[in-house]
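# Structural description and commentary
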Amino acid sequence: MKTWPYLFLAPYLIAYATFWAWPILYSIYLSLVNTRVYPWRWAPAVNWSRLVSDPFFWDAVRNTLVILVIQVPIMLALALVLAVALNSPLLRLKGFYRFAFFAPVVVGAVPYSAVFRLLFNTEFGAVNYVLSLFGLGPVNWLFRAVPAMVVIIVALTWRWTGYNAIILLAGLQAIPEELYEAASIDGATGLQKFGHVTLPLIRPVLLFCLVLSVIGTMQLFTEPWLITVGGPGTATTTLGVYLYRQGFQLFNFGYASAIAYAVALLAAVFSLVQIRMFGRQS
């Protein structure tokens, strides 16, 4: 019967429509509705026009971009160095080191954030204790704007560097060894092999990690919320934190939906720019 394939697909299609398609369509509708009045009123411009003039939204955009511009390049550079080290034939216990560097991703967000709050505690944190040994500090890490942002960047780098390193390692292992042998015959040094063989061939994987990191940063919520609660003030309030506050603390679902689609649009634009810039074949 021609209907059998559709019957087998029905459970997936129902789940897809219920938990993916319907929420997307409904959130689009909410972004065009004024949910601050009762009953809700159709007002297509009210939420989107507020985005343009909302200083707290632009603070969240600025904070997100600061993390994107500073943390992501540092993380990917460290991940690439780590991947090259893990791929070295001189390294022993490779399986152990790969697991050790990947382990931070497995750790739950709540305990790892709690550990970072303790490490950077002003009064009894280990970081300030180490600084005091060198006659520095104490630094009020969690309640000053710049130090709080530094804590978020360090936490993100610690958690996601190993994850990206494992992805890059898979790309490195796909490079044929014959290319390195040919480069050695031509008299290339180790640095020249890295610049002319490794980097060009690993560029698609590096671009993949970059796009994933940008999308993840645009949606960043966990670390700023659990470590600094977006503070002090709005110093570490990202777009994800601001969306949460509007939607689930102030119950302004219309404006929260507009923020969500603004985030999606920004992530798409940044991803397309990266693909255009770094995805071209030389």
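Above: the structure in question.
Residues numbered from 1 in each chain as written. Predicted model: local features only at pLDDT ≥ 70, side-chain atom pairs only at ≥ 80, totals over all residues. Heavy atoms only, no water.

Take the packing of helix α1 (residues 4–31) against helix α12 (residues 253–278) next. One can describe the packing of α1 onto α12 by two numbers: an axis separation of 7 Å at closest approach and a directional angle of 115 degrees. Between α1 and α12, the interaxial angle falls into the category roughly perpendicular. Judged by the twist between their axes, the crossing of α1 over α12 is left-handed. Packed against α1, whose contacting residues are Ile-24, Ser-27, Ile-28, Leu-30 and Ser-31, the element α12 presents Phe-253, Gly-254, Ser-257, Ala-258 and Tyr-261 at the interface. The residue inventory of the contact of α1 with α12, partitioned by class, reads 6 nonpolar, 4 polar and no charged. (Axes fitted to C-alpha atoms, helices over the stretch in contact; angles between N-to-C directions. Helix = DSSP H or I, 4+ residues; strand = E, 2+ residues; numbered from the N terminus. Parallel < 35°, antiparallel > 145°, perpendicular 65-115°, else oblique. Left-handed = near helix turned anticlockwise from the far one by under 90°. Contact = heavy atoms within 4.5 Å. Nonpolar A, V, L, I, M, F, W, Y, C, P; charged D, E, K, R; others polar.)

With 26 residues, α12 ought to run about 38 Å at 1.5 Å a step, and its terminal C-alpha atoms sit 37 Å apart, in line with that. Among all positions of α12, only Gly-254, Tyr-255, Ala-256, Ser-257, Ala-258, Ile-259, Ala-262, Val-263, Ala-267, Ser-271 and Gln-274 are buried. Buried residues along α12 sit against α1, β1 (33–34), α2 (44–53), α3 (55–86), α9 (190–218) and α11 (239–249). (Expected span 1.5 Å × (residues − 1). Buried < 20%, exposed > 50% of the residue type's maximum accessible area, 1.4 Å probe, protein only.)

The terminal C-alpha atoms of α1, which comprises 28 residues, lie 39 Å apart, in line with the 40 Å expected from a rise of 1.5 Å per residue. Ala-10 marks the point of greatest bend in α1, at about 45 degrees, and the proline Pro-11 comes within the next four residues. Three or more residues of α1 are buried, namely Ala-21, Ser-27, Leu-30 and Ser-31. Of the surrounding secondary structure, the elements contacted by the buried residues of α1 are β1, α2 and α12. (Bend = angle between axes of the 7 residues up to and from the residue.)

In terms of backbone geometry, most residues other than glycine have negative phi values and most peptide bonds are trans. Residue Pro-39 is bonded to the preceding Tyr-38 through a cis peptide linkage, with omega at 0 degrees. Here Pro-39 is to be found in the loop between β1 and β2 (41–42). Looking along the chain, the bond that leaves Gly-231 and enters Pro-232 is cis, with omega of 0 degrees. Note on placement: Pro-232 falls in the loop between α10 (222–228) and α11. The phi dihedral of Val-229 falls on the positive side, at around 55 degrees, and the residue is not glycine. Looking at the element boundaries, Val-229 is found in the loop between α10 and α11. What makes Val-229 partly exposed here is its relative accessible area of 42%. You will see that Phe-251, though not glycine, has its phi angle at about 55 degrees, which is positive.

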